[in-house]
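Residue-level structural notes
One-letter residues, chain by chain:
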Amino acid sequence: MPLPEVCVCYLLRQGARGEEVLLGRKKFGLGEGNLVGPGGKIEPGETPEQAIRREVAEETSIELGRVELVGELTYPFPFKPAWSQRSWVFVGREWRGDARESDELVPEWFPVAEIPTGRMWDDARYWVQDALAGHFVKATFEFGANLRTVSSSDHPAFPISAPRRP
């Protein structure tokens, strides 16, 4: 059975503190309290790009211009299968409007060099910098029993434990 599909977009701009990325504190639902890029579920009949344009407008009041697909991530949650999903990751540098708080997100700009990955989903620390630099990331991040920590991944930055010796 195919996984539910979602999308996320990281908006980038030049700010007073150098290059900045727009993140939002999730107000409720899956990931509540985490910092996330705006995004959400892909509706039936939508492409990932159509969905990200709709989601960013709904969550931030920003109308996207050109976007770049920079990632395809798979998230198995074996201890809560309903959370498992496939995510399309976009970066946007062109848009109209100013980020405004919505029912779902409280947006805030952060310097790219100082992204608070400790306040994001655990997988972000492995891949988000590469994606923001325009490198395509394709990886799987499996979450453990606590539903917060990546327990395994095929991403090259994920530490692989040495096999145990008898």
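Residues numbered from 1 in each chain as written. Predicted model: local features only at pLDDT ≥ 70, side-chain atom pairs only at ≥ 80, totals over all residues. Heavy atoms only, no water.

**Some thoughts on the layout of surface pockets**
Reported here for the largest pocket is a volume of approximately 800 Å³. Lining of the largest pocket is provided by 37 residues; of these, Val 6, Lys 26, Leu 30, Gly 40 and Gln 85 occupy positions nearest its centre. Where the lining of the largest pocket is concerned, the elements lending two or more residues are strand 1 (5-15), strand 3 (35-36), strand 4 (39-41), helix 1 (48-60), strand 6 (67-75), strand 7 (85-92) and helix 2 (124-132). The leading source of residues in the lining of the largest pocket is strand 1, at 4 residues. Of the residues belonging to the lining of the largest pocket, the class tally is 22 nonpolar, 7 polar and 8 charged. (1 Å grid on protein atoms, 1.4 Å probe; cavity = no way out; pocket = protein on both sides within 12 Å on 5 of 7 lines; lining within 4 Å. Points joined across faces, edges and corners; volume = space filled by probe spheres on them. Helix = DSSP H or I, 4+ residues; strand = E, 2+ residues; numbered from the N terminus. Nonpolar A, V, L, I, M, F, W, Y, C, P; charged D, E, K, R; others polar.)

**Some thoughts on the pattern of salt bridges**
Under the defined criterion, the tally for this structure stands at 13 salt bridges. For Glu 20, the salt bridge identified is with Arg 13, shortest N-O distance 2.7 Å. Take Glu 20: its relative accessible area is 4%, and that puts it in the buried class. Among the salt bridges present, the one from Glu 58 reaches Arg 54, with a minimum N-O distance of 3.4 Å. Separated by 4 residues within a single helix, Glu 58 and Arg 54 lie in helix 1, roughly one turn from each other. Each of Glu 46, Arg 54, Glu 55 and Glu 58 takes part in a single network of salt bridges with overlapping partners. (Salt bridge = Lys/Arg side-chain N within 4 Å of Asp/Glu carboxyl O. Buried < 20%, exposed > 50% of the residue type's maximum accessible area, 1.4 Å probe, protein only.)

**Describing the nonpolar core**
Counting 32 residues, the largest nonpolar core has Tyr 10, Val 21, Trp 127, Leu 132 and Phe 141 as its most contacted members. Elements represented by at least two residues in this core include exactly strand 1, strand 2 (18-26), strand 3, strand 6, strand 7, strand 9 (105-111), helix 2 and strand 10 (137-143). A total of 6 residues in this core trace back to one element, the largest contributor, which is helix 2. If sequence neighbours within four positions are ignored, Phe 141 has contacts with Leu 73, Thr 74, Tyr 75, Pro 76, Asp 123, Tyr 126, Trp 127, Val 150, Ser 152, Ser 153 and His 155. (Core = buried A, V, L, I, M, F, W, Y, C linked by side-chain atoms within 4.5 Å. Contact = heavy atoms within 4.5 Å.)

**Side note on the pairing of strand 11 (residues 150-153)**
Where strand 10 lies against strand 11, 3 bridges are found, and the strand directions are antiparallel. Across the sheet, residue Glu 142 finds its bridge partner in strand 11, namely Ser 152. Hairpin connection between strand 10 and strand 11: a loop of 6 residues separates the two successive antiparallel strands, and Leu 147 in this loop has a positive phi of roughly 65°. (Pairing = 2+ DSSP bridges.)

**Quick notes on the environment of Gly 118**
Residue placement: Gly 118 occurs in the loop between strand 9 and helix 2. Given the relative accessible area of 77%, Gly 118 is considered exposed. Considering only alpha carbons, one finds Gly 118 and Ser 152, 34 residues apart in sequence, at a separation of 18 Å.

The analysis is restricted to geometry; functional conclusions fall outside its scope.
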